[in-house]
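Listed below are the residues making up each chain.
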Amino acid sequence: MRAPSTGLLAGGVIALTAIVLVLVGAPHDRPSPPPRAPSATGVPASSVGARGVRLTSTAIELPADEAIFPEGPRSDLVNANCTACHSASMALDQPRLSAEQWRATVTKMREVYKAPVRAADVDAIVQYLVGMPGQSGGAPSGSAQDPAPNVPPSRS
Amino acid sequence: MNMLDARMAAETSRRRLLAAGVLGAVGAAVPAIAQRTVDLHLPGGNAERTLTSAFPGKGSMILQRTRPPLLETPMEVFDRSIFTPNDRFFVRWHWADIPTAVDVETFRLRVGGHVTRPLSIGLAQLLRLPRVEIPAVNQCSGNSRGLFQPRVAGAQWGHGAMGNAKWLGVRLRDILDLAGVKAGAVQVRFGALDRPLTPDGPDFAKSLDIDHARDGEVMIAFGMNGEQLPMLNGFPIRLVVPGWYSTYWIKALNSIQVLPHADDHYWMAKAYKIPATPRANVAPGSKDFPTIPINRMIPRSWMTSLPDGQVVAWEPSIPVGGIAMGGDCGMAKVDVSSDGGRTWYRTALGPDEGRYGFRRWDGRVPLRRGTNAIMTRCWNTRGVAQPATPIWNPGGYMRGNIETTHVVAA
């Protein structure tokens, strides 16, 4: 972290008082204006600092995710509904889940997260998920117990 | 025995094997492959993941999901230092509308609800408050979920949904005192810049009991390992709740609401709930059981000096090392076994950098030709030891049993 300016150090002296004084109306949920991104035009990003710590405005660009669900029965429906909110990999990387488990997941997306999935489409989506690569073969994976051995009392 | 010994021994073994042409056949240690994918060894398969460096502020990470990002820290990162570098620190977001730009001059943290003086605090003001620095492990509630058997739905993490950092910031108690908590306060809810993608979807927010919020340890961090937080880890400020699972460590914190009642919103009332049973354990397949919100972490330990499945040249004994954590208190002792838990050997602990952080351990175990099941077991300062058998619950939360790493002596 960069060194503070003397001005900021001086400001630190009246810290607590200052904070209490700066009451800005009724708080609201969302902060307002879109932040200025650190520009590529040579204008330095804005920053604030005090007592040896400086924070600098930051903007990032997230990588795009163009991966879609593999071709299959009603894959169009699955792509349209599921990838609106999350990567296809979230589903594709799951262990083998039963139809009941997949239905519970789709139901949670609709009822809890309010995904605009039509009730009439749920069956087809569940059917695709159960049969997609990595899932076919049907039975849920995994045994009931780790291969962890019995452990006698420690000798240490 | 120290960390350097363990690393040098591992390197020596690898070089000998490379010279002998043994390693290539196994594949696990071929650098060209290791750059691109990693096998998380999840039971039942579907365990291969891509390594990516495409995320801003992040080096090579295990890609669990691009949108919203789920990035896991490769285990070898934990072998290099008990502090996890910011650019290798795991990432987890719930909704895809996450903050991608923050102006430090206009950002405000709003404090309201059951208080006498609602506040809107700028970052320049926050930086002038009395400071505290705490090293602490930030671990996802579902860390190691992919190892549950039977498997459960959710992010299929290996062990890398965790990291240890030096968090620099201000005490939450000081902020609450400035706002003046009114009598009758019950919980404090923390909200952030991320937003639901659906109009009626539940905005991610978590709450702590008022006494916990005011315990002087819970803090608002603006510094992470001596730098500002990476955007993906919650820039400009995040909540730090030492000893508690990461779900409470709200990233990009911008709202603190004091509540005169318990938080009944989705993320506290329905999500991140664990069985109200010892170790959060229920019989596989159980559904109807009393639950409570997930809370304190438990002791865990890992061997990190060699990856699972590593082939090494046989010798009578090898140095091993790794990390351990006490959970909600300090870490007291780590034992290691190379015969599947029949014989245990004491290890030497590295410096204590804070009871909520990772602690390095190093030891030496005998090696047999063939596959050696190397297990680590730790005790925390409350005397709680890692159990041998894994738990199960439908959320895949709170795994903490003794972990096993297989090393093949050729």
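My aim in this report is to walk through the structure given alongside it, one point at a time. Quick caveat, the model's predicted, so the values are computed rather than measured.

### A closer look at the overall build of chain B
- When you go through chain B residue by residue, the secondary structure sums to eight helices and 27 strands.
- Within chain B, the proportion of its 410 residues that are buried is 62%.
- When contacts within chain B are restricted to residue pairs at least 6 apart in sequence, long-range pairs at least 24 apart make up 70% of them.
- Accessible surface computed for chain B: about 13,900 Å², of which carbon and sulfur atoms make up 52%.

### What to know about the overall build of chain A
- The helix and strand tally for chain A stands at six helices and three strands.
- Looking at chain A residue by residue over its 156 residues, the buried ones come to 32%.
- Counted over contacts in chain A with a minimum sequence separation of 6, partners at least 24 positions apart contribute 56%.

### Some details on the sheet that holds strand S4 (residues 70–72) of chain B
All names here are of chain B.
- Pairing is antiparallel in the open sheet, where five strands are placed in the order S1-S2-S3-S4-S5. At either end of the open sheet lies a strand with only one pairing partner, and these are strand S1 (37–39) and strand S5 (91–92).
- Where S1 lies against strand S2 (residues 48–52), three bridges are found, and the strand directions are antiparallel. Each bridged residue has a counterpart across the sheet, and for Thr37 the counterpart in S2 is Thr50.

### Some details on the sheet that holds strand S23 (residues 345–346) of chain B
Residues and elements named next belong to chain B.
- Read from one edge of the open sheet, five strands run S20-S27-S26-S22-S23, paired in mixed fashion. Each of the sheet's edge strands pairs with one partner strand only, and the pair in question is strand S20 (310–312) and S23.
- The sheet contact formed by strand S22 (residues 331–337) and S23 spans two bridges and is antiparallel. When the sheet's bridge partners are listed, Val336 is paired in S23 with Tyr345.

### Side note on helix H6 (residues 172–179) of chain B
All names here are of chain B.
- Where burial is concerned, most of H6 is hidden: six out of the eight residues are buried.
- Residues of H6 that are buried: Leu172, Asp174, Ile175, Leu176, Leu178 and Ala179.
- One or two steps after H6, the chain reaches Gly180, where phi turns positive at roughly 75 degrees.

### Details of the side chain of B:Thr73
All names here are of chain B.
- When you line up the elements, Thr73 lands in the loop between S4 and helix H4 (76–80).
- For Thr73, a relative accessible area of 0% translates into the label buried.
- In this structure the side chain of Thr73 is engaged in a polar contact, spanning 3.2 Å, whose partner is the backbone nitrogen of Phe90.
- Excluding residues that lie within four positions of it along the chain, Thr73 makes contacts with Met61, Ile62, Phe78, Thr84, Arg88, Phe89, Phe90, Gly160 and Met162.

### Details of unusual backbone geometry
- With an omega of -15 degrees, the peptide bond between B:Arg67 and B:Pro68 qualifies as cis.
- Tracing the backbone shows B:Pro68 in the loop between strand S3 (61–65) and S4.
- Residue B:Pro150 is reached from B:Gln149 by a cis peptide bond, and omega for that bond is -5 degrees.
- For B:Pro150, the location among the structural elements is in the loop between strand S9 (132–139) and strand S10 (162–171).
- Even without a glycine there, the phi angle at A:Arg74 is positive, about 60 degrees.
- Along the chain, A:Arg74 falls in the loop between strand S3 (58–59) and helix H3 (75–82).
- Residue class for A:Arg74 comes out partly exposed when judged on its relative accessible area of 41%.
- If you check the backbone angles, B:His41 has positive phi at about 55 degrees while not being a glycine.

### A look at the packing of aromatic side chains
- Tallied over the entire structure, the rule returns 13 aromatic pairs over all chains.
- Between A:Tyr113 and B:Trp267 the ring centres are 5.9 Å apart and the planes differ by 35 degrees, which places this aromatic pair in the tilted class. Placement of A:Tyr113 in the loop between helix H5 (99–111) and helix H6 (122–131) and of B:Trp267 in helix H8 (residues 266–269) is noted, with the two residues assigned to different chains.
- Using a relative accessible area of 4% as the deciding quantity, one classes B:Trp267 as buried.

### Notes on the pattern of salt bridges
- By the definition in use, this model includes 15 salt bridges over all chains.
- Between A:Asp93 and B:Arg49 there is a salt bridge, with its nearest N and O atoms 3.5 Å apart. Residue A:Asp93 is found in the loop between helix H4 (89–92) and H5, and its partner B:Arg49 is found in strand S2; the two belong to separate chains.
- Note on A:Asp93: relative accessible area 14%, which makes it buried.
- By relative accessible area, which is 2% here, B:Arg49 ends up buried.

So, how was this worked out
Residues numbered from 1 in each chain as written. Chains lettered and ligands numbered in written order. Predicted model: local features only at pLDDT ≥ 70, side-chain atom pairs only at ≥ 80, totals over all residues. Heavy atoms only, no water. Helix = DSSP H or I, 4+ residues; strand = E, 2+ residues; numbered from the N terminus. Buried < 20%, exposed > 50% of the residue type's maximum accessible area, 1.4 Å probe, protein only. Contact = heavy atoms within 4.5 Å. Areas by Shrake-Rupley, 256 points an atom, 1.4 Å probe, with all protein chains shown as cover. Pairing = 2+ DSSP bridges. Polar contact = N/O pair within 3.5 Å; in protein donor to acceptor, adjacent residues only side chain to side chain. Phe/Tyr/Trp six-rings, centres within 6.5 Å; stacked < 30°, edge-to-face > 60°. Salt bridge = Lys/Arg side-chain N within 4 Å of Asp/Glu carboxyl O.

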